[in-house]
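Read off the chains here:
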Amino acid sequence: MPATNRKKQKGRDTAVQGTNDSSVVSKVSAAAQGYFQDVFLQHFVCKVARRAPLINRGYYVRWRAVDHCVKRFLQITENCPVRQILSLGAGFDSLYFRLHADGGLDRTVVFEVDFPDVTRRKAALITSNITLKGMLDPHLPSLSGPLYVSSSHYRLLGADVRDESQVEEALRTAGVQWAAPTLILSEVVLTYMETQRSDAVISWTAKLLPQSLFVMYEQIRPRDPFGRIMQDHFLKLNSTLHALQQYPDTAAQTRRFLDLGWEQCVCLDMNDFYLKLVAEEERCRVESLEPFDEYEEWHQKCSHYFILTASQGSLTAQALLTHPPASPVSFISPSRCPIALCVRTVPVCMEGLGMASTSVNTGQVLLTGGSSRVGRGAEARVLLRGLEGWRSVRVDPSVDLGVRLYHTATSVPGGGTTVVYGGRSSPLNPVRGLFKVTIHPCSPAGPLDSEDQDAVKLCEEQIVCTGDPPPPRWRHTATTVCHKGKVGNSVALSVCHNIFFSSLLYNQALSFPIGKNFLFVFGGKNASEAVLGDGCFLCLEQQHWTEIQVEGTAPEARHSHSACSYQGGAVVFGGLGKRGAPLGDTVVLRPIERGFCWERLQVEPPPFPRYSHSAHVIGDKLVVVGGVWLHSDGVPGVAVIHLTTGSSVEFSLETTSVPWPLMLHSFCSELTDPKTPELLLIGGGGNCFSFGTHFNPQPVTVDLRPVLG
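Calculation rules
- Residues numbered from 1 in each chain as written.
- Predicted model: local features only at pLDDT ≥ 70, side-chain atom pairs only at ≥ 80, totals over all residues.
- Heavy atoms only, no water.
- Helix = DSSP H or I, 4+ residues; strand = E, 2+ residues; numbered from the N terminus.
- Buried < 20%, exposed > 50% of the residue type's maximum accessible area, 1.4 Å probe, protein only.
- Contact = heavy atoms within 4.5 Å.
- Areas by Shrake-Rupley, 256 points an atom, 1.4 Å probe, with all protein chains shown as cover.
- Pairing = 2+ DSSP bridges.
- Axes fitted to C-alpha atoms, helices over the stretch in contact; angles between N-to-C directions.
- Parallel < 35°, antiparallel > 145°, perpendicular 65-115°, else oblique.
- Nonpolar A, V, L, I, M, F, W, Y, C, P; charged D, E, K, R; others polar.
- Salt bridge = Lys/Arg side-chain N within 4 Å of Asp/Glu carboxyl O.
- Phe/Tyr/Trp six-rings, centres within 6.5 Å; stacked < 30°, edge-to-face > 60°.
- Lys NZ or Arg CZ within 6 Å of the ring centre and 35° of its normal.

Draft legend 1. Quick look at the overall build of the protein. A tally of regular secondary structure across the protein gives 15 helices and 42 strands. Among the 709 residues that make up the protein, the fraction classed as buried is 57%. Within the protein, counting contacts between residues at least 6 apart in sequence, those at least 24 apart form 68% of the total. In the structure as shown, the protein presents an accessible area of about 29,000 Å², 51% of it carried by carbon and sulfur atoms.

Draft legend 2. Structural view of the pairing of strand S14 (residues 381-386). In terms of residue burial, S14 counts as a mostly covered element, since five of its six residues are buried. As paired elements, strand S11 (residues 364-368) and S14 share four bridges and run antiparallel to each other. Paired with Val-365 across the two strands is Leu-383, which belongs to S14. Relative to strand S15 (residues 389-395), S14 runs antiparallel, the two sharing five bridges. Across the sheet, residue Val-382 finds its bridge partner in S15, namely Val-393.

Draft legend 3. Just the sheet that holds strand S30 (residues 569-573), in detail. Pairing is mixed in the open sheet, where five strands are placed in the order S28-S32-S31-S30-S29. Whereas interior strands pair on both sides, the edge strands pair on one side only; in this sheet they are strand S28 (550-551) and strand S29 (562-566). Relative to strand S32 (residues 595-601), S28 runs parallel, the two sharing two bridges. Counterpart to Val-550 in the pairing with S32 is Phe-596.

Draft legend 4. How the structure looks around the packing of helix H2 (residues 53-76) against helix H11 (residues 270-277). Where H2 meets H11, the axes come as close as 11 Å, and the angle between the chain directions of the two elements is 70°. It follows that H2 is roughly perpendicular to H11 by the angle criterion. On H11, the residues that touch Tyr-60, Val-61, Arg-64, Ala-65 and His-68 of H2 are Met-270, Phe-273 and Tyr-274. Taken together, the residues of the contact of H2 with H11 sort by class into six nonpolar, one polar and one charged.

Draft legend 5. Seen up close, the pattern of salt bridges. Overall, the coordinates contain 31 salt bridges when judged by the stated rule. For Arg-475, the salt bridge goes to Asp-293, with nearest N and O atoms at 2.7 Å. Taken together, the residues Arg-475 in the loop between strand S21 (455-463) and strand S22 (477-483) and Asp-293 in the loop between helix H12 (280-287) and helix H13 (295-303) connect sequence positions 182 residues apart. Just as Arg-475 is buried, Asp-293 falls in that class too. It is possible to trace a salt-bridge network through shared partners that takes in Lys-27, Arg-62, Asp-93 and Glu-187.

Draft legend 6. Structural view of the sheet that holds strand S36 (residues 648-651). Reading across the sheet, the four strands line up as S33-S34-S35-S36 and stay open at both edges, with antiparallel pairing between neighbours. What marks the edges here is a single partner per strand, and that holds for strand S33 (614-618) and S36. Between one strand and the next, the sheet's axes are offset by a mean angle of 20°, whatever the strand orientation. Looking at chain direction, S33 and strand S34 (residues 621-625) are connected through five bridges and run antiparallel. Bridging from a neighbouring strand, Ile-618 pairs with Lys-621 of S34.

Draft legend 7. Seen up close, the packing of aromatic side chains. What the rule picks out here adds up to 27 aromatic pairs. When the centroid spacing of 6.0 Å and the interplanar angle of 55° are considered together, the rings of Phe-520 and Trp-598 count as tilted. Taken as a pair, Phe-520 in strand S25 (residues 516-522) and Trp-598 in strand S32 lie far apart in primary sequence, 78 residues in all. For Phe-520, a relative accessible area of 2% puts it in the buried group. Since its relative accessible area comes to 10%, Trp-598 is described here as buried. Between Phe-537 and Phe-596 the ring centres are 5.2 Å apart and the planes differ by 20°, which places this aromatic pair in the stacked class. One end of the pair, Phe-537, is in strand S26 (residues 535-539); the other, Phe-596, is in strand S32, with 59 residues separating them in the sequence. Neither residue differs from the other here; Phe-537 and Phe-596 are each classed as buried. Here a set of aromatic residues connected by ring pairs shows up, and it is made of Phe-40, Phe-44, Phe-92, Tyr-96, Phe-97 and Tyr-154. Looking at Lys-301, its charged tip hangs above the ring of Phe-689, at a distance of 5.1 Å from the centre.

Structure, rendered in structure tokens:
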């Protein structure tokens, strides 16, 4: 190899070794917060750093999956005279020390292989630490490589895993028994190699170890927005993920191992593993450890990693991962339209996560709250559509609604007024109270579509309500519904004070017609409840939380769902349920003489379950946009549910003209003009695990003509 190429390869190897250092710090953080027990990892880091809850959960599920496979292997080989664990690219893993402390190394030898530079550092840390050294034989020989530590149950070897002959010779020197049952462990190692070399490793381990179980944890799904950001992150670290292109999903990884000589193989993405193979009691324990509100990023992280087991021989086949029970989602086969909906960028700088939007007038969109690159508590903003398209207009004066994410902004019938409700400033701090926001041009003489309109004035007032308010919440929905019959305790409304939602002031008793508008608040979550299933009615005229009789079976508790006004009631779709899995049901709240009634709509074929989406009713069609699902085939586009026939169809999005990854969760959408079949999507993105936070930098439009035609 020429000197220049050797230097480049050395630089790439050093970068890959650096991923070990950051990984062990994250594992220490997760252990310190109680996600799993490991008192030995701390001895391999210079400084402990607390990671974000999302990082801690991510490293927990990785640890849990590997631990599950290791324990299963040790269980099925407990009667064997000798068994071995071969950890490839082990880094600063503490597996040997944990097993030693648990008494799990009976007739077992752990072999660890990594770059000589890494193993020299690890050997120095072990031999200089009283705790770690005390778990080895009392009189260790002085070694210089490739065997850097040699104890009865532990051998630490320095060798390049890519070099079969070098590794084979090092293992032979260390005393490996080729015919003994062996667990081969590879945690995010082979993907850093050129695919031809990683394939060779998989192939020669199958040949050399005829009674073995290969356990691998790596990345998948490189082509969706999260996958693109993930790849870019490792590319910037000079640690390219090579195997992703040739083996992009669990099916391809399974075929890979079978084609390379392994007899059986089971591969699961981490959503499948966590939701179906981790006991509910354990999931509840983990989910109670830290305040958490990054569900979208958690599910996306889990959908982009897998745990795989492959076996050689009848004994180790018993240690394969079990295929989880098939869920109803597994049998969903939605109708797919071959037409992709065209997506175009809007040349306006506008970003944010967890914002709330409402279309207060034609071509006039109000945005409140959310977070962006500059932090949380973004000022209210207005998008106006003028003669030359959309533009962002400054707000004068600034309206301060405080730090508020995952709240709702609902347009009140009559136009011009929006009710802002709920939200949170942090996962421990809900925002209480309601606000009325009124929008009008700063210059009354200037039309909304004039290009010299520079500012929009917002007036904000807190709403003081009577009655029993619902518990504070976020990730809920707030929809206007109307009832024309007798509800509550009165038929007509008498008011002897100023009427809030009128443009005029009345200082005398008035009688209102029987029909009333209500703000229907449904679902969500708060600091004490993972999901809420209550429905609450705020009488807009009275500013009073009203008890209204609701018949029928209430929908399952949920958050991050959608609810749209429909025929005087509301239609609810999707969301994230109590068990942490997306929902795909469609439920209609219909007005009846005595109040309202829940009615479940049977949709065939059923759409894929999803959450953190948006939805709009257009005629008799519910148009569902974006969101997060656990389905492995791409990301959600647009689902159209016909509310009268119960049919549905899924459309993909054509995003080739969008120059950045379009992440459609934690975003807003508005049908800005009933006459124009076009949706405006604003904001969105997320914290992409340890790969950085992505914000969609501009709004985009979606052409709905194929949907409505």
